[in-house]
Amino acid sequence: MTIAPIASLRTLAACTLISLATAPLGAADILELKDGRVLDGFQMEWDDEDVIVHLENGDLRVPGDMVQTMLDEEGAAFVPRTDEEREKYAEGLVPFEGKWIPIEKRRKAIEKKIEEQRERIAEDRAHSTWGNRRFDETKNFLWEYTVPQHIIEAFQARCENYYTQFTKDWKVKRTGREKMRIRFFQSGREFNKTAAGGGGGALAYFVIIPPYEICIFYDRTSFEFTEMVLYHELSHYLQKLINQEFRIPHWPGEGVSEYYGGALWNDKKKGLDIGLIQEGRLSSVLSQYDGGKRFSLVEMLSQPKYEDYSWGWTLVHFMMGDKRYKKGFQSYLKGIANDRKVNRIKMGLGAQIIDGIEPAESVEYFKKSLKLKSDEDVATFEKEWYAYIDEALRKELLDSVTGLEKAAVSALQDGKRLKAKRLFQEAIDAGSVNPTIYGRYASMMRALGEGGKARDLLKRAVELDPLEATYWWQLGEVTEDADPSEGERIKKLALELDPSVDDNVIDFGGLENSDG
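Residues numbered from 1 in each chain as written. Predicted model: local features only at pLDDT ≥ 70, side-chain atom pairs only at ≥ 80, totals over all residues. Heavy atoms only, no water.

**Points about the overall build of the chain**
The helix and strand tally for the chain stands at 20 helices and 16 strands. Scored against the burial criterion, the 516 residues of the chain give a buried share of 54%. Within the chain, counting contacts between residues at least 6 apart in sequence, those at least 24 apart form 62% of the total. Accessible area of the chain: about 22900 Å², with a carbon and sulfur share of 49%. (Helix = DSSP H or I, 4+ residues; strand = E, 2+ residues; numbered from the N terminus. Buried < 20%, exposed > 50% of the residue type's maximum accessible area, 1.4 Å probe, protein only. Contact = heavy atoms within 4.5 Å. Areas by Shrake-Rupley, 256 points an atom, 1.4 Å probe, with all protein chains shown as cover.)

**Re the pairing of strand β16 (residues 352-356)**
As paired strands, strand β15 (residues 345-349) and β16 are joined by five bridges and run antiparallel to one another. The residue bridging M347 from the neighbouring strand is I354, located in β16. In textbook terms, the turn of a hairpin is the stretch between consecutive antiparallel strands, and for β15 and β16 this stretch comprises two residues, one of which, G350, has a positive phi near 65°. (Pairing = 2+ DSSP bridges.)

**Quick word on the environment of Q165**
Checked against the element boundaries, Q165 lands in helix α4 (residues 149-170). For the pair Q165 and I274, spaced 109 residues apart in the sequence, the C-alpha separation amounts to 8.6 Å. Once residues lying within four places of it in the same chain are set aside, the contact partners of Q165 are L272 and I274.

**As for the packing of helix α15 (residues 417-429) against helix α16 (residues 435-447)**
Where α15 contacts α16, the axes come no closer than 10 Å and their chain directions differ by 140°. Taken together, α15 and α16 sit at an angle that is classed as oblique. Along this stretch, α15 crosses α16, giving a crossing that reads as left-handed. The residues of α16 that touch α15, namely those facing R417, A420, K421, F424, Q425 and I428, are I437, Y438, R440, Y441, M444, M445 and A447. By residue class, the composition of the contact of α15 with α16 is nine nonpolar, one polar and three charged. (Axes fitted to C-alpha atoms, helices over the stretch in contact; angles between N-to-C directions. Parallel < 35°, antiparallel > 145°, perpendicular 65-115°, else oblique. Left-handed = near helix turned anticlockwise from the far one by under 90°. Nonpolar A, V, L, I, M, F, W, Y, C, P; charged D, E, K, R; others polar.)

**Some remarks on the nonpolar core**
Side chains of a nonpolar character, in soluble globular proteins, are inclined to be buried together. In terms of nonpolar packing, the biggest core is built from 133 residues, with L31, F184 and F366 touching the most fellow members. Examining the composition of this core, we find that ten residues originate from one element, α4, more than from any other. Apart from residues no more than four positions distant in its own chain, F184 is found in contact with W130, W143, E144, Y145, T146, V147, I152, F155, I216, Y218, T226 and L230. (Core = buried A, V, L, I, M, F, W, Y, C linked by side-chain atoms within 4.5 Å.)

**Brief notes about helix α17 (residues 451-464)**
Along its 14 residues, α17 runs 20 Å from first to last C-alpha, staying within 8% of the 20 Å computed at 1.5 Å per residue. Within α17, burial applies to G451, A454, L457, L458, A461, V462 and L464. Mapping the buried residues of α17 onto a view down its axis gives an arc of 150°, with all of them on the same face. On its buried face, α17 is in contact with α15, α16 and α18 (469-480). (Expected span 1.5 Å × (residues − 1). Arc of directions from axis to C-beta.)

**Brief notes about a positive patch on the surface**
Residues K171, K327, K371 and K373 make up a contiguous surface patch of positive charge. Relative to the assigned elements, K327 resides in helix α11 (residues 323-338). Residue K327 is classed as exposed on the basis of its relative accessible area, which comes to 67%. (Patch = residues over 30% accessible without salt bridge, like charges linked within 9 Å, V, L, I, M, F, W, Y side chains within 5 Å. Salt bridge = Lys/Arg side-chain N within 4 Å of Asp/Glu carboxyl O. Lys, Arg positive; Asp, Glu negative; His and termini not counted. Charge placed at Lys NZ, Arg CZ, Asp CG, Glu CD.)

**Looking at the pairing of strand β2 (residues 38-47)**
In the case of a regular strand, side chains alternate between the two sheet surfaces. With four bridges joining them, strand β1 (residues 29-33) and β2 adopt antiparallel strand pairing. The partner of E32 across the bridge, within β2, is V38. In terms of strand pairing, β2 meets strand β3 (residues 50-55) through five bridges, oriented antiparallel. Residue E45 lies in a different strand from β3, and its bridge partner there is I52. Linking two consecutive strands that pair antiparallel, namely β2 and β3, is a turn of two residues; a positive phi of about 55° is found at D48 within it.

**Quick notes on the confidence of the model for the chain**
Across the chain, the average pLDDT comes to 85, with 88% of residues at or above 70. Ranking the helices and strands of the chain by mean pLDDT puts strand β8 (residues 134-137) first, with 98, and helix α1 (residues 9-19) last, with 39. (pLDDT = per-residue confidence, 0-100.)

**Quick notes on the sheet that holds strand β9 (residues 141-145)**
Note on sheets: strands pair through backbone hydrogen bonds, and any given pair is parallel or antiparallel. Taken together, the five strands give an open sheet; going across it, the order is β8-β9-β10-β12-β11, and neighbouring strands pair in mixed fashion. Looking at strand neighbours, the two that pair on one side only are β8 and β11 (204-207), the edges of this open sheet. Shown here is a sheet whose adjacent strand axes are inclined to one another by a mean of 15°, direction ignored. Relative to β9, β8 is paired through four bridges, and the arrangement is antiparallel. What sits directly across from D136, in β9, is W143.

See below:
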């Protein structure tokens, strides 16, 4: 197949939500949002600067600054809202895809667009359950999926580009004809049936013994977060290509996965930008750093720990960005797996017995690979690493709100609920207007037994994004605790927006509280 370039992240993150969600395909008006979403099948009208969407279970007010176009199907009517639009309309011109065109031409173009949109929606609906999932194959991966076609095509392009960059950077490649399988779930319920232990808030997992596969749930409220999780798990697979009979130690495995997990798609160059700042991880590290915490190099390289995700990321980022150390670090990681002079141990991995390495041996091989010949060399290296955190990385954390948001999500994903609670609240206090943050925070607070707080957070989430069925469904659930009839009405409203929303909500609060 040919992988076509796809639109921006913001558009991709949103356009699946409502296009799959609506009433019968042949009904009523159509609302197109600036982020790419399309709402089809309800009566709508302008009210001052906003659009009112009439549902059986309540009306929704959509802020006008979210709206690209609102039209009725019968005439694909355009209602001028500004002085410029009224002036052009008097001349017989209306806006369409960035241009002013004749009214009739726009009407025909919109009718064609509506027809194509509805055909795509119908096809996606036909493959929205796992029993009717689609199958596909790209150059290096096999795919099974229930997410919409345009979403999977975006991930396919990104994963193939990721594979190319990683294998080129590390000079590894896939052996044999077998390809790893990536299974993409639209339904949180179906994903949890496949996930070991029933999910519990995890979005993805990598099967570390052959045949390799990644199972992942598409978080519809955040394309970027799903992307980040996918890249992290994909890095674990690509590291296996170094030597499939060797288990990479925890710190470099997670540090490298976070380094590549921070990649983002660059639409201009049609490729991934690798080695970007993981603002969530960096916020966590700087909080510890400013409190006086330092990991010595030996501590970092020795026993597995939670900080391998954060401090380990800073160490990998430091070395991969410094010509003096990049080659040495890559030699270390490939050498502990392949160098015949390394003393390895046998260890169990499922039913397999594979090679591993003792921490002390790993530390000594690291020093050798990076030419740290004395304690003084190690101390100098540590000072450079700390300075990189305190100066170079700190300068990159320009947006404190974004950093706090990502730090909160990272803490929640890692099971650090108390830390996540503090960071979510700090992000909100700093001015966050990201509905995903309110939704995740609410899910966690409900899991902690604070239903009132969760309800307040979800009310804010639906104000920020009134057309996201997930938030309405969760609001209905927490409202049922105090007012069963009102909670039921809100859940019915959510089902009007998306009949499958109860299948597609995943519990982000059900993570083990590992920090007390």
